[in-house]
Amino acid sequence: MDFFGKNVFISGSSRGIGFAIANKFASLGANVVLNSRKSEEELDKAYKSLLDKGFSCYKVLSDVSDYESCVKTFDEIKNVFGEVDILINNAGISKIGLFQDLSPFEWKEVMDINIGSVFNCTHIVSKSMIKNKKGSIINISSIWGDRGASCEAVYSASKGAMNSFTKAMAKELAPSGIRVNAISCGVIDTSMNSCFTQEEKESIIDGIGLMRYGTPDEIAEICVFLASEKSSYISGQVITVDGCMY
Ligand code: NDP
């Protein structure tokens, strides 16, 4: 499996799952574009770590929940590497708490980042993919999008929207030779879950058949498979990677 000459944009890739995906694609020869919104220092560190390995990469600090920022981002990438061949919609945030304590602002913020960004990036990138009659789009989703999580109503709703968007877009883009899939992650060991105490972590692990959190690299492996020719007949799927959660 190699991705030489392929341009891959991974939203939200300064750390966690996004960074593992970027590292994996870059190690297979792709030109990868790292992205994040807040910490320039963290993005720089991620970028330098790939450069140090001799990988081909670029970085853009931009908020993918804002359409105009996305237009500028993809123009910039076009000037550096060319058009994007593989789009990974990974940027996301979570909000944990009772629904009654959630403000309209927080609802909008999660929706704008978790699903608005998917609209923005897909809307812009699919234009050139349709023209080129090829491409792969992979959305990083969550099991809560299907099952629903108590105290994560907005997060669950945003990932549920992502799952149906994946299936709808796969049908719409299939005639143009573009595949669209999602990975529905269980609990993955990243800073998104650093809010849990040791006791809470143990109780979460009690509900996982394989008795551990997943790793970002395990998600990255599925991601490269879904972007590769090995999965050339797979589209419109939401693939669960959760270590057998009860
Ligand atoms: P992290 O919090 O570790 O990383 C999130 C990344 O997204 C960071 O690089 C962050 O950078 C970036 N980001 C957030 N908002 C924006 C934005 N508006 N524009 C650009 N970048 C942004 O999260 P994970 O790696 O854990 O999660 C990655 C994806 O996987 C998310 O979509 C999440 O919902 C999904 N997922 C994660 C699970 C888990 O257990 N970890 C389980 C199921 C799904 P910055 O903060 O600088 O903006």
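For the structure itself, consult the block above.
Computed from a prediction, not measured in an experiment: that's the story for all the values here.

(A) Examining the packing of helix α4 (residues 104-132) against helix α6 (residues 153-173) more closely. At a minimum axis distance of 9 Å, the contact between α4 and α6 shows a crossing angle of 15°. It follows that α4 is roughly parallel to α6 by the angle criterion. Pair α4 / α6 crosses with right-handed handedness. When α4 is examined against α6, the residues Trp 107, Val 110, Met 111, Asn 114, Ile 115, Val 118, Thr 122, Ser 126 and Ile 130 are found in contact with a partner set consisting of Val 154, Tyr 155, Ala 157, Ser 158, Lys 159, Ala 161, Met 162, Phe 165, Met 169 and Leu 173.

(B) Focus on the layout of surface pockets. Quantified by volume, the largest pocket comes out at close to 1,100 Å³. When contributions to the lining of the largest pocket are tallied by element, the ones reaching two or more residues are α1 (16-27), β2 (31-36), α4, β5 (135-142), α6 and α7 (198-206). Reported here for the second largest pocket is a volume of approximately 390 Å³. Lining the second largest pocket are 19 residues, with Ser 136, Arg 179, Ala 227, Ser 228 and Glu 229 positioned closest to its centre.

(C) Focus on the packing of α1 against helix α2 (residues 40-52). Look at α1 against α2: their axes get within 11 Å of each other, and the N-to-C directions meet at 20°. By the angle class used here, α1 and α2 are roughly parallel. As for the relative orientation of α1 and α2, their crossing is right-handed in sense. Seen from α1, the contacting residues are Phe 19, Ala 22 and Asn 23; seen from α2, they are Ala 46, Ser 49 and Leu 50. For the contact of α1 with α2, the class distribution of residues is four nonpolar, two polar and no charged.

(D) Representation of the site of the ligand in the model. As a matter of local geometry, the ligand sits amid 31 residues, with Ser 14, Asn 90, Tyr 155, Ile 188 and Thr 190 nearest to it. Side-chain polar atom of Thr 190 to an oxygen atom of the ligand: 2.5 Å apart, as the coordinates give it. Here an oxygen atom of the ligand sits 2.8 Å away from a polar atom, N or O, in the side chain of Asn 193. Notes on the ligand: free accessible area 890 Å², of which the protein chains cover 96%. A majority-of-atoms criterion places the ligand in the largest pocket. Among the secondary structure elements, those contributing two or more residues to the shell around the ligand are α1, β2, β5 and α6.

(E) Structural context of the sheet that holds strand β3 (residues 56-61). Pairing in this open sheet of seven strands is parallel, and the strands run β3-β2-β1-β4-β5-β6-β7 from one edge to the other. Lying at the two open borders of the sheet, with one neighbouring strand each, are β3 and β7 (238-241). Each strand axis lies, on average, 20° off the axis of its neighbour in the sheet, ignoring direction. Pairing of β2 with β3, which is carried by six bridges, proceeds in the parallel orientation. By the bridge assignment for β3, Asn 35 is matched with Val 60. Relative to strand β4 (residues 86-89), α4 is tilted by about 175°, and along the sheet it contacts β1 (7-10), β4, β5 and β6 (178-185).

(F) A look at the nonpolar core. Formed by 33 residues in total, the largest nonpolar core has its most connected members in Ile 21, Phe 25, Val 32, Ile 88 and Ile 140. For this core, the secondary-structure elements that each account for two or more residues are β1, α1, β2, α2, β4, β5, β6 and α8 (216-227). When residues of this core are assigned to their parent elements, the largest contribution, seven residues, is made by α1. Membership of the second largest hydrophobic core comes to 20 residues, among which are Phe 9, Phe 74, Val 125 and Met 169.

Rules used in this analysis
Residues numbered from 1 in each chain as written. Predicted model: local features only at pLDDT ≥ 70, side-chain atom pairs only at ≥ 80, totals over all residues. Heavy atoms only, no water. Axes fitted to C-alpha atoms, helices over the stretch in contact; angles between N-to-C directions. Helix = DSSP H or I, 4+ residues; strand = E, 2+ residues; numbered from the N terminus. Parallel < 35°, antiparallel > 145°, perpendicular 65-115°, else oblique. Left-handed = near helix turned anticlockwise from the far one by under 90°. Contact = heavy atoms within 4.5 Å. 1 Å grid on protein atoms, 1.4 Å probe; cavity = no way out; pocket = protein on both sides within 12 Å on 5 of 7 lines; lining within 4 Å. Points joined across faces, edges and corners; volume = space filled by probe spheres on them. Nonpolar A, V, L, I, M, F, W, Y, C, P; charged D, E, K, R; others polar. Near = heavy atom within 4 Å. Polar contact = N/O pair within 3.5 Å; in protein donor to acceptor, adjacent residues only side chain to side chain. Areas by Shrake-Rupley, 256 points an atom, 1.4 Å probe, with all protein chains shown as cover. Sits in = over half its atoms within 2 Å of the grid points. Pairing = 2+ DSSP bridges. Core = buried A, V, L, I, M, F, W, Y, C linked by side-chain atoms within 4.5 Å. Buried < 20%, exposed > 50% of the residue type's maximum accessible area, 1.4 Å probe, protein only.

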